[in-house]
Amino acid sequence: MTEPRILVIEDEPDLRAGLQHNLELEGFGVDTAADGKQGLRKAMQDKPTLIVLDLMLPQLPGLEVLKQLRAAGHATPVIILSAKGQDRDKVQGLEIGADDYLTKPFTLSELNARIRAVLRRTTVRRPELASTEGAPVLKFENLVVDFRRFTVARDGEEHQLSRYEAEILRMLIDRRGEVVSRQDLLRKVWGYVHLPTTRTVDNHIARLRKKLERDIDHPVHVVTVHGLGYCFESRPLEETPT
Ligand code: CA
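Values in this document were obtained by computation on a predicted structure and should not be read as measured data.

*Asks:* Hey, could you go over the sheet that holds strand β7 (residues 143–146) for me, with residue numbers and the actual values?
*Replies:* Ordered in space as β6-β7-β8-β9, the four strands form an open sheet in which the pairing is antiparallel. What marks the edges here is a single partner per strand, and that holds for β6 (137–140) and β9 (157–160). Strand-to-strand twist of the sheet, defined as the mean angle between neighbouring strand axes without regard to direction, takes the value 15 degrees. Here strand β8 (residues 151–154) pairs with β9 via four bridges, running antiparallel.

*Asks:* Can you break down the packing of helix α6 (residues 163–174) against helix α8 (residues 199–212) residue by residue, with the values?
*Replies:* It is at 10 Å that the axes of α6 and α8 come closest, and there the two elements cross at 80 degrees. Judged by the angle between their axes, α6 and α8 are roughly perpendicular. When α6 is examined against α8, the residues Y164, E165, I168, L169 and L172 are found in contact with a partner set consisting of H204, I205, R207, L208, K211 and L212. When the residues that make up the contact of α6 with α8 are grouped by side-chain class, the tally is seven nonpolar, one polar and three charged.

*Asks:* I'd like a rundown of the confidence of the model for the protein, residues and numbers included.
*Replies:* A residue-level look at the protein finds 88% of positions with pLDDT of 70 or above and a mean pLDDT of 83. Per-element mean pLDDT across the protein ranges from 78 in helix α7 (residues 182–190) up to 97 in strand β1 (residues 5–9).

*Asks:* Outline the coordination of the calcium ion, supporting the account with residue identities and numerical values.
*Replies:* Around the calcium ion, the donor atoms from the protein are D11 (OD), D54 (OD) and M56 (O), and they sit 2.1 to 2.3 Å away. You can call D54 buried: its relative accessible area is 4%.

*Asks:* Break down the pairing of strand β11 (residues 229–232) for me, with residues and values.
*Replies:* Strand direction decides the pairing type here: strand β10 (residues 222–225) and β11, joined by four bridges, are antiparallel. What sits directly across from V223, in β11, is C231. Between the end of β10 and the start of β11, which pair antiparallel, lie three residues, with G227 showing a positive phi angle near 80 degrees.

*Asks:* Run through the packing of aromatic side chains, naming residues and quoting values.
*Replies:* The full count for this structure, using the stated rule, is one aromatic pair. Just above the ring of F147 sits the side chain of R170; from NZ or CZ to the centre is 4.5 Å.

*Asks:* Tell me about the pattern of salt bridges, and please be specific about residues and values.
*Replies:* Pairing of side chains with opposite charge becomes possible as their charged atoms draw close. Scanning all chains against the criterion turns up 14 salt bridges. With a closest N to O distance of 3.1 Å, E10 and K104 form a salt bridge. One end of the pair, E10, is in the loop between β1 and α1 (13–25); the other, K104, is in the loop between β5 (100–103) and α5 (108–121), and 94 residues separate them in sequence. Accessibility expressed as a relative area gives 1% for E10, which makes it buried. Given a relative accessible area of 22%, K104 falls into the partly exposed group. K67 is the salt-bridge partner of E64, the closest N and O atoms lying 4.0 Å from each other. Separated by three residues within a single helix, E64 and K67 lie in helix α3 (residues 62–71), roughly one turn from each other. Using a relative accessible area of 38% as the deciding quantity, one classes K67 as partly exposed. Connected through shared salt-bridge partners, E10, D54 and K104 make up one network.

*Asks:* Which residues make up the nonpolar core, and what are the values?
*Replies:* Grouped together as the largest cluster of nonpolar side chains are 28 residues, with contacts concentrated most on I168, L169, L172, I173 and L185. Elements supplying a minimum of two residues to this core: β6, β7, α6, α7, α8 and β11. Leave out the neighbours within four places in its chain, and I173 touches L138, F140, V145, F147 and F232. Within the second largest apolar cluster, 18 residues are counted, among which are L55, L57, V65 and I80.

*Asks:* Describe helix α2 (residues 36–46), with residues and values.
*Replies:* Along α2, the positions that sit buried rather than exposed are G36, G39, L40, K42 and A43. Take α2 and look down its axis: the buried residues cluster within an arc of 165 degrees, on one side only. Summarising the geometry of α2, the exposed residues directed more than 90 degrees from the buried face are K37 and Q45. Looking at where α2 begins, the residue whose side-chain oxygen comes 2.9 Å from the main-chain nitrogen of K37 is D35. Two residues or fewer after α2 comes K47, characterised by a positive phi angle close to 45 degrees.

*Asks:* Quick one: what's the story with the pairing of β1, residue by residue and with numbers?
*Replies:* The buried fraction of β1 amounts to four of the five residues, a majority that puts the element mostly inside the structure. Pairing between β1 and strand β2 (residues 29–33): five bridges, direction parallel. If you follow L7 over to β2, its bridge partner there is D31. Between the parallel elements β1 and β2, the chain passes through α1 in a crossover that is right-handed. One ladder, built from four bridges, connects β1 with strand β3 (residues 50–54); its direction is parallel. The residue bridging I6 from the neighbouring strand is L50, located in β3.

Reading the values: the criteria
- Residues numbered from 1 in each chain as written.
- Predicted model: local features only at pLDDT ≥ 70, side-chain atom pairs only at ≥ 80, totals over all residues.
- Heavy atoms only, no water.
- Pairing = 2+ DSSP bridges.
- Helix = DSSP H or I, 4+ residues; strand = E, 2+ residues; numbered from the N terminus.
- Axes fitted to C-alpha atoms, helices over the stretch in contact; angles between N-to-C directions.
- Parallel < 35°, antiparallel > 145°, perpendicular 65-115°, else oblique.
- Contact = heavy atoms within 4.5 Å.
- Nonpolar A, V, L, I, M, F, W, Y, C, P; charged D, E, K, R; others polar.
- pLDDT = per-residue confidence, 0-100.
- Donors = N, O, S within 2.8 Å, 3.2 Å for Na, K, Ca; no water.
- Buried < 20%, exposed > 50% of the residue type's maximum accessible area, 1.4 Å probe, protein only.
- Phe/Tyr/Trp six-rings, centres within 6.5 Å; stacked < 30°, edge-to-face > 60°.
- Lys NZ or Arg CZ within 6 Å of the ring centre and 35° of its normal.
- Salt bridge = Lys/Arg side-chain N within 4 Å of Asp/Glu carboxyl O.
- Core = buried A, V, L, I, M, F, W, Y, C linked by side-chain atoms within 4.5 Å.
- Arc of directions from axis to C-beta.
- Polar contact = N/O pair within 3.5 Å; in protein donor to acceptor, adjacent residues only side chain to side chain.
- Right-handed = clockwise from strand over helix to strand, strands pointing away.

This is the structure in structure tokens:
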């Protein structure tokens, strides 16, 4: 397993260097960016495991970095660094898909704890960080969905699910047999208040289908209901009694 790689987007040189040094000591691979534009480019190209994102940045503000990253379909976990008095930005950051935030000044051990916690509950993780308790394993005709490990095995071939893919799938399965609208998925999975494009949902559904479906042109599990949304149609083989 490769070590988690963290991208630190922070314009303040001392803080940036300090964070890099500390996170490397913690065993993470670390890359840095000094402004929002460079940060967004690295975030998209290098696909880090997690991003530590300052809000007040030159070139492109932190919230804009996050917005563009999510709009492009990247589910990379993001921890926001906000200054005191930026509460509104912080809330907006969480609404547009940040995973957690820290208010400056913070201690390095606080940051480390947040990073570990976010990595524990998100997708790409080291095996020793992998246990999330309580999530079931569901079996369908040719599928095994494991929400603890965020994996799906189709005809025995295992695929890793991204966090968003797993959450979409969980919502569709929870409402099995019902039509779930794109707006519902956006609201519940992404938590958007001001809805951006529903294409984000379609892109994630397309990726999810590549993992779930034998024939992506003729899906049998996640079915499109034209003009309305998506529906999970398969019946589980074993269900925990309710
Ligand atoms: Ca700053």
